[in-house]
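# Tertiary structure, described
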Amino acid sequence: MSKKIIVAVDEAKQNAAKDIINQLDPNKCMIKIGSVAFNSIGHGIISYSSQKGFDIFLDLKLHDIPNTVKKSIKGLSLLPVKMITIHTSGGKDMILAAKDAVVGTDIKVFGVTALTSLSDSDTSNIFQRTISQQVSVMLDLAESVGIDGVVCSPHELELVKKRPSLLSITPGIRLENSNDDQKRVMTPKKAIELGADYIVIGRPITESKDISKLLEEIYLSIQ
């Protein structure tokens, strides 16, 4: 249970990122490094987090032709990361290429199903499907290819739990009702009760006046 919490450190400046990381406990959470931090401050923040004892979730949501994804992950696998993301909608061959790239490592590959910022209206326009339909199709693909898990909103956890071979990473975690760009959200405790293997929490923790205290409260709430 101790590593179910993943704190998203989405900072473009190294000192700001380090300040957040220094207030977190590697026994209670992992660190998520996404495109904001990775593209701004690069490999250094991953090394820093690892040296502090944190497991790293590298969330770059790779989506390209299979050969490019394979080569990208081969390079990224040299970093001290435990989990990495691709877009499941990249298709079977791309997913297989991602799997092949991590052979011989302990890195797990997770496929993004549908971004938590999307609504039914969005997915209907983009994919001609509702969110649940789109997620179900992506789960079929992820399960058939045999990747480690998927990224889904807490509202689709029921669909994931029907597929025991897949782990789940769940963003869109909020401590209360929020007014931001996340549309499909839920509290940490409820998401864990619904079966989330990992929950990603960013702004509610990183923008808190007392990061250490809030992490402790969330950690205790899901035990």
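The rules we used
- Residues numbered from 1 in each chain as written.
- Predicted model: local features only at pLDDT ≥ 70, side-chain atom pairs only at ≥ 80, totals over all residues.
- Heavy atoms only, no water.
- Buried < 20%, exposed > 50% of the residue type's maximum accessible area, 1.4 Å probe, protein only.
- Helix = DSSP H or I, 4+ residues; strand = E, 2+ residues; numbered from the N terminus.
- Arc of directions from axis to C-beta.
- Contact = heavy atoms within 4.5 Å.
- Pairing = 2+ DSSP bridges.
- Axes fitted to C-alpha atoms, helices over the stretch in contact; angles between N-to-C directions.
- Salt bridge = Lys/Arg side-chain N within 4 Å of Asp/Glu carboxyl O.
- Core = buried A, V, L, I, M, F, W, Y, C linked by side-chain atoms within 4.5 Å.
- Phe/Tyr/Trp six-rings, centres within 6.5 Å; stacked < 30°, edge-to-face > 60°.
- Lys NZ or Arg CZ within 6 Å of the ring centre and 35° of its normal.

### Points about helix H11 (residues 211-221)
When H11 is considered as a whole, its buried residues turn out to be Ile211, Leu214, Leu215, Ile218 and Tyr219. Each buried residue of H11 sits inside an arc of 135° when the element is viewed along its axis, so together they form one side. Opposite its buried face, H11 presents the exposed residues Lys213 and Leu220, each directed more than 90 degrees away.

### Some thoughts on unusual backbone geometry
The backbone of Lys61 shows a phi angle near 50°, a positive value even though the residue is not glycine. Along the chain, the position of Lys61 falls in strand S3 (residues 56-62). Within the chain, Gln128 stands out as a residue other than glycine whose phi angle is a positive 60°.

### Comments concerning helix H4 (residues 66-76)
What H4 keeps buried is the set Val69, Ile73 and Leu76. Buried residues in H4, looked at end-on, bunch into an arc of 60°, giving them a common side. Contacts made by the buried residues of H4 are with helix H2 (35-41), S3, strand S4 (83-87) and helix H5 (92-101).

### Structural notes on the pairing of strand S8 (residues 198-201)
Side chains Tyr198 and Val200 of S8 all project onto a buried face; the interleaved residues Ile199 and Ile201 project onto the opposite face, where all are buried too. Sheet analysis places strand S1 (residues 5-8) next to S8, joined by 3 bridges and oriented parallel. Within S8, the position partnered with Ile5 by the bridge is Ile199. The sheet contact formed by strand S7 (residues 167-170) and S8 spans 2 bridges and is parallel. Its bridge partner lying in S8, Ile169 is registered against Tyr198.

### So, the sheet that holds S4
Reading around the barrel, the 8 strands line up as S1-S2-S3-S4-S5-S6-S7-S8 and close back on themselves, with parallel pairing between neighbours. Averaged over all neighbouring strand pairs, the angle between strand axes comes to 25°, with direction disregarded. On the sheet, helix H3 (residues 43-51) packs against strand S2 (30-34) and S3 and is oriented at approximately 155° with respect to S3. Strands in contact with H5 are S3, S4 and strand S5 (108-112); relative to S4, the strand with the most contacts, it is inclined by about 165°.

### Notes on the pattern of salt bridges
The final tally for this structure, using the stated rule, is 12 salt bridges. Ionic pairing is found between Glu216 and Lys28, a salt bridge with its closest N-O pair at 3.4 Å. Highlighted residues: Glu216 in helix H11 and Lys28 in the loop between helix H1 (14-22) and S2, separated in sequence by 188 residues. Note that Asp59 is salt-bridged to Lys61, the shortest N-O span being 2.7 Å.

### As for the nonpolar core
Counting 62 residues, the largest nonpolar core has Ile5, Leu24 and Ile33 as its most contacted members. Ranked by residue count, the leading element in this core is helix H7 (residues 131-145), at 6 residues. When near neighbours in sequence (up to four residues on either side) are disregarded, Ile5 contacts Lys28, Cys29, Met30, Ile199, Ile201, Leu215, Ile218, Tyr219 and Ile222. By size, the runner-up hydrophobic cluster in this structure holds 11 residues, among which are Ala8, Met30, Phe57 and Phe110.

### Some points on the packing of aromatic side chains
One pair of aromatic rings is described through two measures. These are the centre distance and the angle between the planes. Summed over the entire model, instances satisfying the criterion amount to 1 aromatic pair. Judged by centre distance (6.4 Å) and plane angle (85°), the rings of Phe110 and Tyr198 are edge-to-face. One end of the pair, Phe110, is in strand S5; the other, Tyr198, is in strand S8, and 88 residues separate them in sequence. Given a relative accessible area of 0%, Phe110 falls into the buried group. Positioned above the aromatic ring of Tyr219 is the side chain of Lys28, whose terminal nitrogen or guanidinium carbon lies 5.2 Å from the ring centre.

Geometric values such as these leave the question of function open.
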